[in-house]
Amino acid sequence: MMLFITGGSGSGKSAYAEQTVFFLSEKKDIKKYYLATMQATDRESLEKVNRHRRLRSGKHFITIEQPTDIQNSLYKMQRGEKVVLLECISNLTANEMFSGENPKSEAWVVEKVIREVEALKNEATHLVAVSSNVFEDGTEYDAGAMQYIRAMGKIHRRLAAMADQVTELAVGIPIHIKQPKGGKL
């Protein structure tokens, strides 16, 4: 089963995603993987990475830091049942698009991210994918940032279509946009 969780900055999406992982893994001895995609490139991002590390400390996640090429994380996971928390698609997309000397094309990034998320979905018992809503400020950006925003829109639509459940967090409240047959988890 795949769950796609989105929301704005500070909406509670990360905490909700972790709660969902614990719910999905509580009945079995199932491995819990935290696939972290954020790259610490400055003081602010390093503080955020360290905050997330502290928050998941003692929660028995097996953390894999994989800022690009998330399909490679599969080689670092054990066989058997597993729940994978992918945090987060917006960082992954930026990393894929802007790594290297020149930005990658929107189409290339969309296809790569979707292909690799599909690979994770196929290998995991449950995949919980988190992404930030980057569409609401109404500001016009430079061409590179607009390419990223367009790619995120396409990725979000495709992930929502792939997912069994889609949830948006608004002020800490989960709003279930798409639910699996039989109701939400």
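Caption draft 1: Quick look at the side chain of Thr-93. Along the chain, the position of Thr-93 falls in helix H3 (residues 89–98). Thr-93 gets classed as buried once you look at its relative accessible area, which sits at 0%.

Caption draft 2: Focus on the sheet that holds strand E5 (residues 126–132). The mixed open sheet is built from 7 strands, whose spatial order is E3-E2-E4-E5-E1-E6-E7. Looking at which strands have only one partner, the edges of the open sheet turn out to be strand E3 (62–65) and strand E7 (173–178). The sheet shows a mean angle of 20° between the axes of neighbouring strands, taken without regard to direction. As paired elements, strand E2 (residues 31–36) and E3 share 4 bridges and run parallel to each other. Within the sheet, the bridge partner assigned to Ala-36 lies in E3 and is Glu-65.

About the criteria used
Residues numbered from 1 in each chain as written. Predicted model: local features only at pLDDT ≥ 70, side-chain atom pairs only at ≥ 80, totals over all residues. Heavy atoms only, no water. Helix = DSSP H or I, 4+ residues; strand = E, 2+ residues; numbered from the N terminus. Buried < 20%, exposed > 50% of the residue type's maximum accessible area, 1.4 Å probe, protein only. Pairing = 2+ DSSP bridges. Axes fitted to C-alpha atoms, helices over the stretch in contact; angles between N-to-C directions.

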